[in-house]
Amino acid sequence: MGISEEEIAERLAVLRTEHRDLDDSISALLSAGHVDQLQLARLKRRKLRLKDEIAILEDQLIPDIIA
């Protein structure tokens, strides 16, 4: 049995919050002056992975339309 729409929606909320938090962390790091490029790259990679996971889950919530 698959994941329910409610579970997907809850997971999406968590991922979106984490995505926003990463965005804030990246902005703070950039405005701090001295930028740790390795840390910045890790944060950006994590943010991209979250974006991909969000897109996959959103696709699961949208019903398939047969054209």
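Residues numbered from 1 in each chain as written. Predicted model: local features only at pLDDT ≥ 70, side-chain atom pairs only at ≥ 80, totals over all residues. Heavy atoms only, no water.

S.K.: Pulling in residues and values, what's your account of the overall build of the protein chain?
M.R.: In terms of regular secondary structure, the protein chain is built from 2 helices and 0 strands. Summarising its shape, the C-alpha atoms of the protein chain cover approximately 50 × 25 × 20 Å along the three principal directions. Partitioning the contacts of the protein chain with sequence separation of at least 6, the portion at a separation of at least 24 is 68%. As displayed, the protein chain has an accessible area near 5,400 Å², and 55% of this comes from carbon and sulfur atoms. Side chains of the protein chain give 10 positive and 14 negative charges; the mean places of these two sets differ by 10 Å. (Helix = DSSP H or I, 4+ residues; strand = E, 2+ residues; numbered from the N terminus. Contact = heavy atoms within 4.5 Å. Areas by Shrake-Rupley, 256 points an atom, 1.4 Å probe, with all protein chains shown as cover. Lys, Arg positive; Asp, Glu negative; His and termini not counted. Charge placed at Lys NZ, Arg CZ, Asp CG, Glu CD.)

S.K.: Break down helix α2 (residues 37-61) for me, citing the residues and quoting the values.
M.R.: Its 25 residues give α2 an end-to-end C-alpha distance of 36 Å, which sits within 8% of 36 Å, the value for a rise of 1.5 Å per residue. Every buried residue of α2 is accounted for by Leu40, Leu43, Leu50, Ile54 and Leu57. Residues of α2 that are buried sit in contact with α1 (5-31). Where α2 starts, the residue carrying a side-chain oxygen 3.1 Å from the main-chain nitrogen of Leu38 turns out to be Asp36. (Expected span 1.5 Å × (residues − 1). Buried < 20%, exposed > 50% of the residue type's maximum accessible area, 1.4 Å probe, protein only. Polar contact = N/O pair within 3.5 Å; in protein donor to acceptor, adjacent residues only side chain to side chain.)

S.K.: Tell me about the packing of α1 against α2, residues and numbers included.
M.R.: Contact geometry for α1 and α2: axes closest at 9 Å, N-to-C directions at 155°. As judged from the angle between their axes, α1 and α2 are roughly antiparallel. Both α1 and α2 take part in a crossing whose hand is left-handed. Class assignment for the residues of the contact of α1 with α2 results in 13 nonpolar, 4 polar and 11 charged. (Axes fitted to C-alpha atoms, helices over the stretch in contact; angles between N-to-C directions. Parallel < 35°, antiparallel > 145°, perpendicular 65-115°, else oblique. Left-handed = near helix turned anticlockwise from the far one by under 90°. Nonpolar A, V, L, I, M, F, W, Y, C, P; charged D, E, K, R; others polar.)

S.K.: Tell me what's going on with the environment of Leu61, and back it up with residues and numbers.
M.R.: Considering the arrangement of structural elements, one finds Leu61 in helix α2. What makes Leu61 partly exposed here is its relative accessible area of 29%. Linking Leu61 and Leu12, residues 49 residues apart in sequence, is a C-alpha distance of 10 Å.

S.K.: Mind laying out the nonpolar core, listing which residues take part and the relevant values?
M.R.: Counting residues in each nonpolar core, the largest one holds 12 residues, listed as Ile8, Leu12, Leu15, Leu22, Ile26, Leu29, Val35, Leu40, Leu43, Leu50, Ile54 and Leu57. Those elements that place two or more of their residues in this core are α1 and α2. In terms of residue count, the dominant contributor to this core is α1 (6 residues). Setting aside anything within four residues of it in sequence, one finds Leu43 in contact with Leu22, Ser25, Ile26 and Leu29. (Core = buried A, V, L, I, M, F, W, Y, C linked by side-chain atoms within 4.5 Å.)

From the geometry alone we can't say anything about function, so treat these as descriptive.
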